[in-house]
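Below, each chain spelled out in residue letters.
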Amino acid sequence: MNDTAPVLSVVIPVYNEEAVLPALFERLYPALDALERPYEVLFVNDGSRDRSVAMLREQYQRRPAQTRVILLQVNFGQHAAILAGFERSRGRYVVTLDADLQNPPEEVAKLLAKLEEGHDYVGTWRANRQDLWWRRAASKIVNAIRERATPIKMADHGCMLRGYGRQVIDTINATRENVTFIPALASIYASNPVEIQVKHDERVAGTSKYSLYRLIRLSFDLMTGFSTVPLQLFSLVGLVLSGLSGALVLYMLVRRVIVGPEVDGVFTLFAIVFFLLAITLFGIGLLGEYIGRIYVQVRQRPRYIIGAVLEQAPPPARPE
Ligand code: UDP
Ligand code: MG
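Just so it is clear, the model here is predicted, and its values are computed rather than measured. (Residues numbered from 1 in each chain as written. Chains lettered and ligands numbered in written order. Predicted model: local features only at pLDDT ≥ 70, side-chain atom pairs only at ≥ 80, totals over all residues. Heavy atoms only, no water.)

Undergrad: Requested: an account of the nonpolar core, with residues and values cited.
TA: Core analysis: the biggest nonpolar cluster contains 36 residues, and L8, I12, L28, L32 and F43 have the highest contact counts within it. For this core, the elements supplying multiple residues, two or more each, are β1 (8-14), α1 (21-33), β2 (39-45), α2 (52-62), β3 (67-72), β4 (93-96), α4 (108-116) and β7 (193-198). Here this core takes six residues from α1, the largest share from any one element. Setting aside chain neighbours within four positions, we find L8 in contact with L32, L35, P38, Y39, E40, G91, Y93, V95, V108 and L112. Counting 29 residues, the second-largest nonpolar core is a separate cluster that includes L83, V94, Y121 and A186. (Core = buried A, V, L, I, M, F, W, Y, C linked by side-chain atoms within 4.5 Å. Buried < 20%, exposed > 50% of the residue type's maximum accessible area, 1.4 Å probe, protein only. Helix = DSSP H or I, 4+ residues; strand = E, 2+ residues; numbered from the N terminus. Contact = heavy atoms within 4.5 Å.)

Written out as structure tokens, the structure is:
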């Protein structure tokens, strides 16, 4: 075993985080030094347009032995950025965390302990999650749907402070899916997973990089990327509704014969038609989600494009 090869890789996606980076550097490195294991921090700049890149460069100069910086060309999204970090990571274990200090770096010790016990995936849920009430409420709903509609079972898929073993990382790297949700993917590949509770803080500075729209997109990616249950559920709904509307037609026919022509209830009928129309539109949209995924996948565009990498030469390969 080569002494200089890192035991731990910490992957951190960074998108316009100039407000938090100084605080992150100040807390992250002491927390990792305290682990007393060789480590590397992989910052993946996800196309920031603020001073983040300059600040990452400075940090690289301060701690070149433990710091690597991957600069992506434009904004590819948090999960693509993490993938870029995974593909370049050298550690036996990999931990991801957010740049905004919502995931306390001191908690990495807990994850590392679990990884060293032999777990190849350390999932987490957030104690006293510090986010806006509507985010917490929305997460509850999405977590509940995900638990039922996909094969992924976890307490809290939104917490990005997670640990991964080398084999899980290699399998994720070999997966050629264009759009994905890393914790869910890893949970499928893990053979000895465990879940632990971790602390959660408020964002120390700056604002969330997720708009409502991007949050909804992410949830769709999670559902359609890991399950076809929504599609199947839809055919089921279609089946039940055709049964019901068939019965309604019969009933109307009988009435036509017995009572004769009538306009009563025309608005009720409108309501029913609109309702069915809405369901049809939803179905088309849902189909579109899956077709969109196929389309993105078929194009085979790169998941991210690396502009530059700041790093020292890799240590000599580990003897097997
Ligand atoms: N992030 C990223 N690319 C994006 C959006 C976010 O790399 O397109 C990073 C961001 O810099 C942070 C992490 O992903 O390190 C989580 O983002 P944020 O804290 O804004 O999300 P929230 O905590 O509000 O869910
Ligand atoms: Mg955050």
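Undergrad: Can you explain the environment of M223? Please cite residues and give values.
TA: In this structure, M223 sits in helix α8 (residues 212-226). On a C-alpha basis, the gap between M223 and I145 in space is 8.4 Å, while along the polypeptide they are 78 residues apart. Those residues within four positions of M223 in sequence are excluded, and the remaining contacts are V142, I145, R146, T150 and Y290.

Undergrad: Can you break down the coordination of the magnesium ion (ligand 2) residue by residue, with the values?
TA: Here the magnesium ion (ligand 2) is held by D100 (OD) and Q102 (OE1), and the distances to it run 1.9 Å. For the residue pair D100 and Q102, the accessibility class agrees, reading buried in each case. (Donors = N, O, S within 2.8 Å, 3.2 Å for Na, K, Ca; no water.)

Undergrad: Could you give an account of unusual backbone geometry, naming the residues involved and the relevant values?
TA: Backbone geometry at N16 places phi at a positive 50 degrees, although glycine is not the residue there. By secondary structure assignment, the location of N16 is in the loop between β1 and α1. Even without being glycine, Q300 reaches a positive phi, approximately 60 degrees. With respect to the helices and strands, Q300 occurs in the loop between α10 (266-299) and β8 (306-310). Take Q300: its relative accessible area is 56%, and that puts it in the exposed class.

Undergrad: Outline the layout of surface pockets, listing residues and values.
TA: Put simply, the second largest pocket is a space of about 440 Å³. Lining of the second largest pocket is provided by 17 residues; of these, F76, G77, A80, V179 and D221 occupy positions nearest its centre. Listing elements by their share of the lining of the second largest pocket, those giving two or more residues are α3 (78-88) and α8. Across the lining of the second largest pocket, the residue classes tally to seven nonpolar, six polar and four charged. (1 Å grid on protein atoms, 1.4 Å probe; cavity = no way out; pocket = protein on both sides within 12 Å on 5 of 7 lines; lining within 4 Å. Points joined across faces, edges and corners; volume = space filled by probe spheres on them. Nonpolar A, V, L, I, M, F, W, Y, C, P; charged D, E, K, R; others polar.)

Undergrad: Could you give me a rundown of the site of ligand 1, with the residues and numbers involved?
TA: Near ligand 1 you find 18 residues, and of these E17, D46, D100, S208 and K209 are the closest. In the environment of ligand 1, an oxygen atom lies 3.0 Å from a nitrogen or oxygen atom belonging to the side chain of R203. If ligand 1 stood free it would expose 530 Å²; the protein chains cover 95% of that surface. Residues that form the shell around ligand 1 fall into these classes: five nonpolar, five polar and eight charged. (Near = heavy atom within 4 Å. Polar contact = N/O pair within 3.5 Å; in protein donor to acceptor, adjacent residues only side chain to side chain. Areas by Shrake-Rupley, 256 points an atom, 1.4 Å probe, with all protein chains shown as cover.)

Undergrad: Summarise the environment of V95; cite the residues concerned and give the values.
TA: The residue V95 is located in strand β4 in this model. Along the backbone, V95 and L248 are 153 residues apart, and their C-alpha atoms lie at a distance of 57 Å.

Interpretation note: all reported values are geometric properties and have no functional meaning in isolation.
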